[in-house]
Amino acid sequence: MYWQKDKEMSNGSTTLMSTSWAQNFTAVHRYELHESASYITGFVYAWILGGIVNVVVNVVVVLAIRRSATLDKPAHKVMASLAVADFLMGILQVFVSSSFTA
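Values in this document were obtained by computation on a predicted structure and should not be read as measured data.

As for the confidence of the model for the protein chain
- Here the protein chain averages 75 in pLDDT, and 61% of its residues register 70 or above.
- Per-element confidence in the protein chain is highest for helix H3 (residues 74-101), whose mean pLDDT is 88, and lowest for helix H1 (residues 2-10), whose mean pLDDT is 47.
- Within the model, pLDDT remains below 50 along residues 13-18, and this stretch shows six contacts once partners closer than five positions in the same chain are excluded.

Written out as structure tokens, the structure reads:
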């Protein structure tokens, strides 16, 4: 798209074409960087929110297994162990992701 626009404006002059192309490229590149940075920031915030939800859900699972007498079976203990491991990964996810927003 920009090549066609530059060819029309240059009237055969390669100097004008390269200058016009450089100006267009700089403006477009700056816009694309700004746009991609906002997408990345939104993704990081969504990732942090996912980590927080992960932490809360795993805390609920562990508390439910610990407080309920009917869930006092070996299979549920394994599930609580997996919930604790997932909880720790969620904490790590939140802290690592929040370091990218600074």
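Here we look at the packing of aromatic side chains
- This model, assessed by the stated rule, comprises one aromatic pair.
- The interplanar angle of 35° and the centroid separation of 5.8 Å between the aromatic rings of Phe43 and Trp47 together place this pair among those described as tilted. Pair noted here: Phe43 and Trp47 are both in helix H2 (residues 14-67), with a separation of four residues, about one helical turn.
- Overall, Trp47 belongs to the partly exposed group, its relative accessible area being 43%.

Reading the values: rules and limits
- Residues numbered from 1 in each chain as written.
- Predicted model: local features only at pLDDT ≥ 70, side-chain atom pairs only at ≥ 80, totals over all residues.
- Heavy atoms only, no water.
- pLDDT = per-residue confidence, 0-100.
- Helix = DSSP H or I, 4+ residues; strand = E, 2+ residues; numbered from the N terminus.
- Contact = heavy atoms within 4.5 Å.
- Phe/Tyr/Trp six-rings, centres within 6.5 Å; stacked < 30°, edge-to-face > 60°.
- Buried < 20%, exposed > 50% of the residue type's maximum accessible area, 1.4 Å probe, protein only.

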